[in-house]
Amino acid sequence: MPLLLECARVRGPEYLTQMWHFMCDALIKAIGTEPESDVLSEIMHSFAKCIEVMGDGCLNNEHFEELGGILKGKLEEHFKNQELRQVKRQDEDYDEQVEESLQDEDDSDVYILTKVSDILHSIFSSYKEKCPHRPWPDRQWGLCIFDDIVEHCSPASFKYAEYFLRPMLESVCDNSPEVRQAAAYGVGVMAQFGGDGYRPFCPEALPLLVRVIQSPDAKTKENVNATENCISAVGKIMKFKPDCINVEEVLPHWLSWLPLHEDKEEAVHTFNYLCDLLESNNPVVLGPNNSNLPRILGIIADGEIHEAIKHEDPCIKRLANVVRQVQWLHTEALEKLLEQFLVVIMLQGSFEAMHEKMTLDGSSLLEETQHSEAIPVFLNEEKAHDGGKLGTNTSMLQAYD
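Since we're looking at a predicted model, the values are computed, not measured.

Reading guide: rules and limits
Residues numbered from 1 in each chain as written. Predicted model: local features only at pLDDT ≥ 70, side-chain atom pairs only at ≥ 80, totals over all residues. Heavy atoms only, no water. Axes fitted to C-alpha atoms, helices over the stretch in contact; angles between N-to-C directions. Helix = DSSP H or I, 4+ residues; strand = E, 2+ residues; numbered from the N terminus. Parallel < 35°, antiparallel > 145°, perpendicular 65-115°, else oblique. Left-handed = near helix turned anticlockwise from the far one by under 90°. Contact = heavy atoms within 4.5 Å. Nonpolar A, V, L, I, M, F, W, Y, C, P; charged D, E, K, R; others polar. Phe/Tyr/Trp six-rings, centres within 6.5 Å; stacked < 30°, edge-to-face > 60°. Buried < 20%, exposed > 50% of the residue type's maximum accessible area, 1.4 Å probe, protein only. Lys NZ or Arg CZ within 6 Å of the ring centre and 35° of its normal. Patch = residues over 30% accessible without salt bridge, like charges linked within 9 Å, V, L, I, M, F, W, Y side chains within 5 Å. Areas by Shrake-Rupley, 256 points an atom, 1.4 Å probe, with all protein chains shown as cover. Salt bridge = Lys/Arg side-chain N within 4 Å of Asp/Glu carboxyl O. Lys, Arg positive; Asp, Glu negative; His and termini not counted. Charge placed at Lys NZ, Arg CZ, Asp CG, Glu CD. Core = buried A, V, L, I, M, F, W, Y, C linked by side-chain atoms within 4.5 Å. Expected span 1.5 Å × (residues − 1).

A. Quick look at the packing of helix H7 (residues 161-171) against helix H8 (residues 177-193). Orientation of H7 relative to H8, taken along the N-to-C sense of each, is 120°, at an axis distance of 8 Å. Comparing their axes, H8 and H7 come out oblique. When you trace H7 past H8, the crossing you get is left-handed. Contacts between H7 and H8 involve Leu165, Met168, Leu169 and Ser171 from the former and Val179, Arg180, Ala183, Gly186, Val187 and Met190 from the latter. Class assignment for the residues of the contact of H7 with H8 results in seven nonpolar, two polar and one charged.

B. Quick peek at the packing of helix H11 (residues 247-257) against helix H12 (residues 264-279). Two elements in contact, H11 and H12, have axes separated by 13 Å at closest approach and are oriented at 125°. Put simply, H11 runs oblique to H12. The interaxial crossing formed by H11 with H12 has left-handed handedness. Residue-level inspection shows Val247, Leu251, Trp254 and Leu255 of H11 in contact with H12, the latter providing Thr270, Tyr273, Leu274 and Leu277. By residue class, the composition of the contact of H11 with H12 is seven nonpolar, one polar and no charged.

C. Quick look at the packing of aromatic side chains. Overall, the coordinates contain four aromatic pairs when judged by the stated rule. Look at Phe146 and Phe164: their rings are 4.5 Å apart centre to centre, the planes differ by 20°, and that puts the pair in the stacked class. Taken together, the residues Phe146 in helix H6 (residues 136-153) and Phe164 in helix H7 connect sequence positions 18 residues apart. Comparing Phe146 with Phe164 shows no difference in burial state: the two are buried. Lying over the aromatic face of Tyr15, Arg11 brings its terminal NZ or CZ to 4.3 Å of the ring centre.

D. Fine view of a negative patch on the surface. Taken together, Asp91, Glu92, Asp93, Asp95 and Glu96 make up a surface patch of like negative charges. Examined against the element boundaries, Glu96 turns out to sit in helix H5 (residues 96-127). Residue classification places Glu96 among the exposed residues on the basis of a relative accessible area of 73%.

E. Layout of the nonpolar core. With 101 residues, the main nonpolar core has Trp20, Phe47, Leu59 and Trp254 as its most contacted residues. In this view, Phe47 contacts Trp20, Cys24, Leu27, Ile28, Ile31, Leu59, Leu67 and Ile119; residues no more than four positions away in its chain are not counted.

F. Focus on helix H2 (residues 13-33). Across its 21 residues, H2 extends 30 Å between first and last C-alpha, which sits within 8% of the 30 Å expected from 1.5 Å per residue. Looking only at H2, the buried set comprises Leu16, Trp20, Met23, Cys24, Leu27, Ile28, Ala30 and Ile31.

G. Region of interest: the pattern of salt bridges. According to the stated counting rule, one finds 15 salt bridges in the structure shown. Notably, a salt bridge pairs Arg85 with Asp106, separated by 3.3 Å at the nearest N-O pair. With a gap of 21 residues between them, Arg85 in helix H4 (residues 61-89) and Asp106 in helix H5 connect regions that are remote in the sequence. The pair Arg85 / Asp106 is uniform in exposure class, with both members buried. Taking the shortest distance from any N to any O, the salt bridge between Lys239 and Asp276 comes out at 3.2 Å. Highlighted residues: Lys239 in helix H10 (residues 224-240) and Asp276 in helix H12, separated in sequence by 37 residues. Owing to a relative accessible area of 26%, Asp276 belongs among the partly exposed residues under this scheme. One continuous salt-bridge network, built from bridges that share partners, spans Arg85, Glu105, Asp106 and Asp109.

Remember that the coordinates give geometry; whether it matters functionally is a separate question.
Structure, rendered in structure tokens:
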């Protein structure tokens with residue numbers, strides 16, 4: 001196909017464009033429907049070379065939308081097949097012969113994945129700086145594809161970073177909330193899975209994420225999912241790349257942005273990180289003389305009320321432990337916390353809903369706190385009898401007073 005296009009050049013640009021239009025739709029359709037991997041890989045390779053021949057402007061909005069869906073589907077199919085192969089390796093009939101067959105399947109899938117990369121490479125090479133100015137659905141699907149590559153290919157994805165990393169960072173503050181969400185999610189997986197190659201880009205991403213989070217309309221209906229992905233990304237940078245930024249400086253701000261409850265997947269990541277900090281007795285999170293505990297209880301209550309975390313998720317037990325550990329406080333301190341806690345709930349207009357959920361739902365957070373057998377982590381019995389202080393080191397927090 002690309003050789004035919006090269007030959008068609010001698011007939012002039014109009015003839016060349018007509019031939020390409022005749023080819024393009026058929027090639028994209030074949031990429032989405034061809035069942036044989038050997039044939040599919042050749043079609044994808046040919047399509048990538050055709051884009052290089054035709055250059056900028058060879059694909060319209062409809063092409064980008066259709067091609068984006070197909071390539072994303074190829075990536076999802078690859079990851080699903082990987083999971084299925086892992087399941088087969090646990091089967092009782094698994095042996096060397098089965099492994100050989102599974103390895104052949106994996107090689108075939110990986111080869112198709114390289115052809116996906118070839119197509120993306122040809123698009124980015126041909127469109128260069130014009131890619132960020134494509135309509136927002138085009139940019140969103142492009143970012144989603146690279147989000148998946150970073151998440152599932154881990155450090156090996158960095159060899160493609162020159163094609164997507166700069167557009168990803170620039171898209172964090174894009175006018176489209178859908179693009180912002182895809183970019184912020186990419187920054188999060190970059191911190192979590194990306195490896196050392198992505199380390200220098202984490203501090204560069206931080207102020208961009210903060211700009212989105214602190215914008216006046218950050219929590220409106222159309223923007224909240226993008227904002228919550230930004231908050232989660234900040235948490236992932238602190239958790240997985242803590243040496244890249246000043247965690248102690250960022251933590252108070254991050255805590256003030258919680259809770260998350262619209263994006264359930266990111267809410268789980270965020271609550272788990274909050275539990276990490278509490279279980280490690282982090283003085284910045286706890287505050288002087290544990291003054292932040294009412295705020296933390298309010299965050300947990302909000303997550304329970306909005307069902308931000310499924311009750312079967314292990315995180316719910318960790319949160320239950322946090323609530324249970326507060327019960328070990330000195331009586332006077334506990335009464336003060338409960339008083340402030342109820343004010344927070346009533347201000348949220350959620351007291352009745354929470355009361356009903358905690359008394360009627362057999363799998364609720366309250367039940368977890370009543371039946372939890374875990375030993376408190378950030379509060380031991382000795383401290384409970386000595387004024388109920390969760391931590392005495394407040395020097396880290398005082399630096400920000």
